Amino acid sequence: MKTLSRNRWMALRNWPELQQDEIHIWKADLDAIAAQRPGLERTLDPDEIRRAGQYSSAADRDRYILSCAVRRNILARYLRTKPGELEFTYGPNGKPELANGKLRFNISHSYGLAVCAVSRSLDVGVDVERIRAGVEEEISGWFFSLRAIRYLEALPQPLRRRTFFQGWTRMEAYGKALGLGLTVNFENVEALLGTPDAWFRGAGSTPAESVPCRLQDFHPRKGYAGALAARGGECKLKYWTWQPRYALAA
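Residues numbered from 1 in each chain as written. Predicted model: local features only at pLDDT ≥ 70, side-chain atom pairs only at ≥ 80, totals over all residues. Heavy atoms only, no water.

(A) Main features of the environment of Gln-243. If you trace the backbone, Gln-243 turns up in the segment after strand E11 (236–242). Placed 213 residues apart in sequence, Gln-243 and Leu-30 show a C-alpha to C-alpha distance of 9.7 Å. A polar atom in the side chain of Gln-243 sits 2.3 Å from the side chain of Arg-245. (Helix = DSSP H or I, 4+ residues; strand = E, 2+ residues; numbered from the N terminus. Polar contact = N/O pair within 3.5 Å; in protein donor to acceptor, adjacent residues only side chain to side chain.)

(B) Representation of the pattern of salt bridges in the model. Counted by the stated rule, this structure contains 16 salt bridges. Ionic pairing is found between Arg-37 and Glu-41, a salt bridge with its closest N-O pair at 2.3 Å. Remark: Glu-41 and Arg-37 occur in helix H1 (residues 37–41); sequence separation between them is 4 residues, near one turn of the helix. Using a relative accessible area of 22% as the deciding quantity, one classes Arg-37 as partly exposed. (Salt bridge = Lys/Arg side-chain N within 4 Å of Asp/Glu carboxyl O. Buried < 20%, exposed > 50% of the residue type's maximum accessible area, 1.4 Å probe, protein only.)

(C) How the structure looks around the sheet that holds strand E1 (residues 9–10). Strand order in the open sheet made by the 5 strands is E1-E11-E2-E6-E5, with mixed pairing throughout. Each edge of the sheet is formed by a strand with only one pairing partner; in this case those strands are E1 and strand E5 (104–110). With 2 bridges connecting them, E1 and E11 associate as parallel partners. Within the sheet, the bridge partner assigned to Met-10 lies in E11 and is Trp-240. Sheet strands touched by helix H3 (residues 58–79): strand E2 (22–29), E5, strand E6 (113–119) and E11. Its angle to E5, the strand with the most contacts, is close to 150 degrees. (Pairing = 2+ DSSP bridges. Contact = heavy atoms within 4.5 Å. Axes fitted to C-alpha atoms, helices over the stretch in contact; angles between N-to-C directions.)

(D) View of the packing of aromatic side chains. Scanning the model with the defined rule gives 10 aromatic pairs in all. Both rings, one in Trp-9 and one in Tyr-239, keep their centres 5.1 Å apart while their planes meet at 70 degrees; by these two values the pair is edge-to-face. Residue Trp-9 is found in strand E1, and its partner Tyr-239 is found in strand E11; the two are separated by 230 residues along the sequence. Looking at Trp-9, the relative accessible area reads 16%, which means it is buried. Summarising the aromatic geometry, the rings of Phe-88 and Phe-105 are spaced 5.7 Å apart at their centres and angled 65 degrees between planes, so their arrangement reads as edge-to-face. (Phe/Tyr/Trp six-rings, centres within 6.5 Å; stacked < 30°, edge-to-face > 60°.)

(E) Broad picture of the sheet that holds strand E9 (residues 213–218). As summarised here, the arrangement of the 4 strands in space is E7-E10-E9-E8, forming an open sheet in which the pairing is antiparallel. What marks the edges here is a single partner per strand, and that holds for strand E7 (123–130) and strand E8 (199–200). Bridge analysis of E9 against strand E10 (residues 224–231) gives 6 bridges, and the strand direction is antiparallel. Counted as the bridge partner of Arg-214 is Ala-230 from E10. With respect to the sheet, helix H6 (residues 159–177) is in contact with E7, E8, E9 and E10, its orientation differing from that of E7 by roughly 150 degrees.

(F) Here's a closer look at H6. Look at H6: 27 Å from first C-alpha to last across 19 residues, which is about the 27 Å you get at 1.5 Å a residue. Remark: Gly-179 follows H6 within two positions and exhibits a positive phi of approximately 75 degrees. (Expected span 1.5 Å × (residues − 1).)

(G) Layout of unusual backbone geometry. Note the cis peptide between Gln-157 and Pro-158, where omega equals 5 degrees. Positive phi outside glycine occurs at Arg-80, with the angle close to 55 degrees. Among the structural elements, Arg-80 can be located in the loop between H3 and strand E3 (88–90). Of note in the backbone geometry, Tyr-111 takes a positive phi value of approximately 55 degrees without being a glycine. With respect to the element layout, Tyr-111 can be found in the loop between E5 and E6.

(H) Representation of the packing of helix H5 (residues 146–153) against H6. Relative to each other, H5 and H6 sit at 145 degrees, their axes nearing to 9 Å. Between H5 and H6, the residues in contact are Tyr-151, Leu-152 and Glu-153 and Arg-160, Thr-163 and Phe-164, respectively. Here the residues of the contact of H5 with H6 sort into 3 nonpolar, 1 polar and 2 charged. (Nonpolar A, V, L, I, M, F, W, Y, C, P; charged D, E, K, R; others polar.)

Given below as structure tokens:
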């Protein structure tokens, strides 16, 4: 697995071509485009608006709306269409897919940062998390094995916190690449807390988990952890920064 420092986020001159053997990873500063929310919201469909309503705070609803709009803008650029014309379907565990199936993608957002991964041929999962105090003790007991918890407890802070969040993003990305979310069997989750192999296979026996995923850490912003999972194939990774000037009309 590559180290966190080796990915480089590139600014655009022209919209990039997405080759068959590439995955493009985009990051977007949601707070920087908050003023554009009314126009961006018009690109969303009623189901996305309904899902936004499930968030209890206005800030979380706005960020969800903005992340959906960024996702639509990115995909529409590749497909040379308008964001509002894209149609999505949802898998059994809620993973969104394009109705026409022309691109594979996944998006994650945490606080004011969104990250979107796009591929032409590989199922992808991506996760980003802001590193914050206290969460690792609360969540690890819900999902992690006793071995994994002991592994974390043996580490000093702040290494324990960074290790937890990096492992958590790997776990989320892996489950999303398989379309299973956190329903995946993570008996060997401690393997995701150290320095896992570039290829990872879950502990379960479902057909989805029989296919290994390539895992890749990335560093989207200071104070955040990120991870990508790509199911079943080699690929080249490119990192891009999405900016408000790339926004398309509905």
